[in-house]
Amino acid sequence: MELNPQQRKAVEHTGSHVLVLAGAGTGKTMTIVARAAWLIAQGVHPSRILLLTFTRRAAREMIGRLRSEVGKKASRVLAGTFHHFCLLTMRRMPRQFEMEKETVIDRDDQIQLMRLARARFREKGRSFPSASKLVNACSYARNTNRPLREYLERYSDFDPEMVEKIIDCIAEYNKRKKVSRYLDFDDILFRFARILHQVPSVRDKLRGMYDHLLVDEMQDTNPLQWLILDGLRDPAELFCVGDDAQSIYAFRGADFRNVHSFTERVPRSVVLRLEENYRSTQEILDLANWLLEESPLGYDKHLRANRGKGILPRLIDFDDRFEEATWVTEDLVERHEGGATWSDHMVITRSARAARHLEAVLVEMEVPYRFIGGTQLFQSAHVKDLLCLIRSAVSHRDELAWVRYLTLWRGIGDVTAARVVEGLRERQSGEEAAAWLRDNWSKDPRVLKGLDLVVEHSEAPAEVVERSGEFLAPLLEKKYPNWNARKSDLELLARLARRHRSLTSFLQTYALDPVSRTDARRLEGEDAVTLITAHSAKGTESPVCYLIKVEPNMYPHVRSLGNFDEEEEERRVLYVGMTRARDELILTRSCTWGSKTVFWGGATAAHSAGGVAYLLHGIPDGIVKREVGVLQETDSGDGTITPWRDV
DNA sequence: AAGCTCTGCTTTTTT
DNA sequence: AGCAGAGCTT
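All values reported here derive from a predicted model rather than from experimental measurement. (Residues numbered from 1 in each chain as written. Chains lettered and ligands numbered in written order. Predicted model: local features only at pLDDT ≥ 70, side-chain atom pairs only at ≥ 80, totals over all residues. Heavy atoms only, no water.)

Draft legend 1. Spotlight on empty space enclosed by the protein. According to the stated counting rule, one finds 2 cavities of 30 Å³ or more in the structure shown. Of the voids in this model, the largest cavity is the one considered here, and its volume is about 40 Å³. Within the residue set of the lining of the largest cavity, elements represented by two or more residues are helix 14 (321–337) and helix 15 (356–364). Of the residues forming the lining of the largest cavity, the biggest block, 3 residues, is contributed by helix 14. Considered class by class, the residues forming the lining of the largest cavity number 4 nonpolar, 1 polar and 3 charged. Approximately 40 Å³ is the volume attributed to the second largest cavity. Lining the second largest cavity, in full, are V179, S180, H396, R397, E399, V421 and R425. By residue class, the composition of the lining of the second largest cavity is 2 nonpolar, 2 polar and 3 charged. (1 Å grid on protein atoms, 1.4 Å probe; cavity = no way out; pocket = protein on both sides within 12 Å on 5 of 7 lines; lining within 4 Å. Points joined across faces, edges and corners; volume = space filled by probe spheres on them. Helix = DSSP H or I, 4+ residues; strand = E, 2+ residues; numbered from the N terminus. Nonpolar A, V, L, I, M, F, W, Y, C, P; charged D, E, K, R; others polar.)

Draft legend 2. Geometry of the pattern of salt bridges. Applying the stated rule across the entire model yields 48 salt bridges. Ionic pairing is found between R194 and E98, a salt bridge with its closest N-O pair at 3.6 Å. Pair noted here: R194 is in helix 9 (residues 185–198) and E98 is in the loop between helix 4 (82–92) and strand 4 (103–105), with a separation of 96 residues, a long-range link. Assessed through its relative accessible area of 30%, R194 is described here as partly exposed. (Salt bridge = Lys/Arg side-chain N within 4 Å of Asp/Glu carboxyl O. Buried < 20%, exposed > 50% of the residue type's maximum accessible area, 1.4 Å probe, protein only.)

Draft legend 3. Molecular detail of helix 3 (residues 56–70). Here helix 3 is 15 residues long and its end C-alpha atoms lie 21 Å apart, about the 21 Å a rise of 1.5 Å per residue gives. When helix 3 is considered as a whole, its buried residues turn out to be A58, A59, M62, I63, L66 and V70. On an axial view of helix 3, the arc spanned by its buried residues comes to 130°, and they lie on one face. The inward-facing, buried residues of helix 3 abut helix 2 (28–41), strand 2 (49–53) and strand 3 (78–81). (Expected span 1.5 Å × (residues − 1). Arc of directions from axis to C-beta. Contact = heavy atoms within 4.5 Å.)

Draft legend 4. Here's a closer look at the packing of aromatic side chains. According to the stated counting rule, one finds 11 aromatic pairs in the structure shown. When the centroid spacing of 5.9 Å and the interplanar angle of 55° are considered together, the rings of W409 and F471 count as tilted. Of this pair, W409 sits in the loop between helix 17 (399–407) and helix 18 (414–426) while F471 sits in helix 21 (residues 461–479), and the two are 62 residues apart along the sequence. F471 sits in the buried class, given a relative accessible area of 18%. Linked through ring pairs, F85, F97, F192 and Y210 together constitute an aromatic cluster. In this structure, R572 packs its charged tip against the face of F256, placed 4.3 Å from the ring centre. (Phe/Tyr/Trp six-rings, centres within 6.5 Å; stacked < 30°, edge-to-face > 60°. Lys NZ or Arg CZ within 6 Å of the ring centre and 35° of its normal.)

Draft legend 5. Region of the structure containing the packing of helix 10 (residues 200–207) against helix 11 (residues 223–232). As a packed pair, helix 10 and helix 11 sit with axes 9 Å apart at the nearest point and diverge in direction by 80°. Put simply, helix 10 runs roughly perpendicular to helix 11. For the pair formed by helix 10 and helix 11, the contact residues are R203, L206 and R207 on the first element and D230, G231 and L232 on the second. By residue class, the composition of the contact of helix 10 with helix 11 is 2 nonpolar, 1 polar and 3 charged. (Axes fitted to C-alpha atoms, helices over the stretch in contact; angles between N-to-C directions. Parallel < 35°, antiparallel > 145°, perpendicular 65-115°, else oblique.)

Distances and angles like these do not, on their own, reveal function.
As structure tokens, this is what we get:
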């Protein structure tokens, strides 16, 4: 691996903790991999290195790269997200971490459980926050390690009486979680951090496990994660890499200012910088630099391209979203016909929803693509239905799964389901529970047959998925009008299940490592265009990048308007998007918004004082090549083009 | 106790 | 425009 002097200095640094402040494209990943390789070359045993990344995807990628540097030894390095690392460690030390075969639940399940907890607190005529709002509030408080009460009092506008009710409701949620032995995402970090900090023997043991902690995307770690790093360091040394301008996870409790106070928080530490950009051409960086300079927050970033000059980014205006999507697709096709591979192209979207026009056209024109981010396979309703049947058979305490499975049946509603859950809860073991259910079941006998089916084949997850899919098909067909479109997802699920030898491993793996539908469908390495959310795009790159819907209400997103910090975070989201491009950056936007009624306030929403309504407003001439989008075939219409108007 | 219908609310981003 | 929840009907 070739390193520049700055990178080498970071990689070979010894004797203190390090924060490497690295701008976009300055070789962050390479530096971390090189650091690991260098440590191993210095004689550090790979198992003494812990590599914490932001996504599983990033972890896989880094281990892959490390393997090509140091060979098989690479897989001895433990690499994963904070959540993975914590869960794995807790499962290995179940007694110390009070683990009792907990089921990890995702956000959907959390909301469902909160809904149950919330029911008691609703009064007619008075509004009570929605389940998802409650989940968010409680999650944010925990991730920022603040008492819930303090968070509600200081950062929300609920009146004191409401605050009390919310606190009670969340207490009820926590109680239910405990009874059902659920662990939500926050619990994983929280329990780990709590015991790490409060049980000295565990702390000593864990601190003795690693000599080097390598942390990627430091700017997006939240206080709870900081606490974990803090508890694990010394003698283990921190090697953290991050970029304040790419902090885009404030909604998860991250604060980009944290990297600025690194040396105060971590005694005996230094900050190093990487400033040379190896990814993009200067023109692309000029645009990204301009965007940051427009910010009232001083980022003190000015990326310089090691590669030199290239093509000016393009900013293309379209009449409507459909034309925009069609143009992008046609452009992709044209490039592909010209000999380019699909995989050299990445389309970046602000939200999963915002990509739906494009997805429609890509499908129509048969362009292979994979979607990263957004709704995952495991979150779609029909897949959940099937998984809940399996979960019910696996655990008699999995309240949410039971309710979902039971109410799938005609003639069974929440009252009956609640009664069953109640009864199951009393039983000590799965066998006892099964026997109890058999003896007390008076409804449709097929309900039990489904459960038996799973138990019978529990050694072969793929078979379970296939058979229960067939079993549930008649029910699901009735439930979902577009069943035919959904059916293929169950085949994907079976394919994923084939990799597992037990149902628990199958269920556990995908709780923390969701798979997108297109991902599951495509074989690894198959040539395809990448369609990706800006958030998921962090850490990736591509020769040609399209940034679609770079419009008012999208950048910044309407939801952030009126809040200065959130608007500025949107700037960083756009910055992340722009800096993914190696050779070509194409921004597209359209000036009409699909449906006429913009129900969420739309363009009328006001931006904050000192903030901006639209991040590309006032973009200077010459920094991008402005074009009016013209479709190849459809030159019809009335012969006019509606010009773009800044809002 | 279930099931159906209508209203109203929502749509950011992720482990 | 699409879905979830409330409330009404069976």
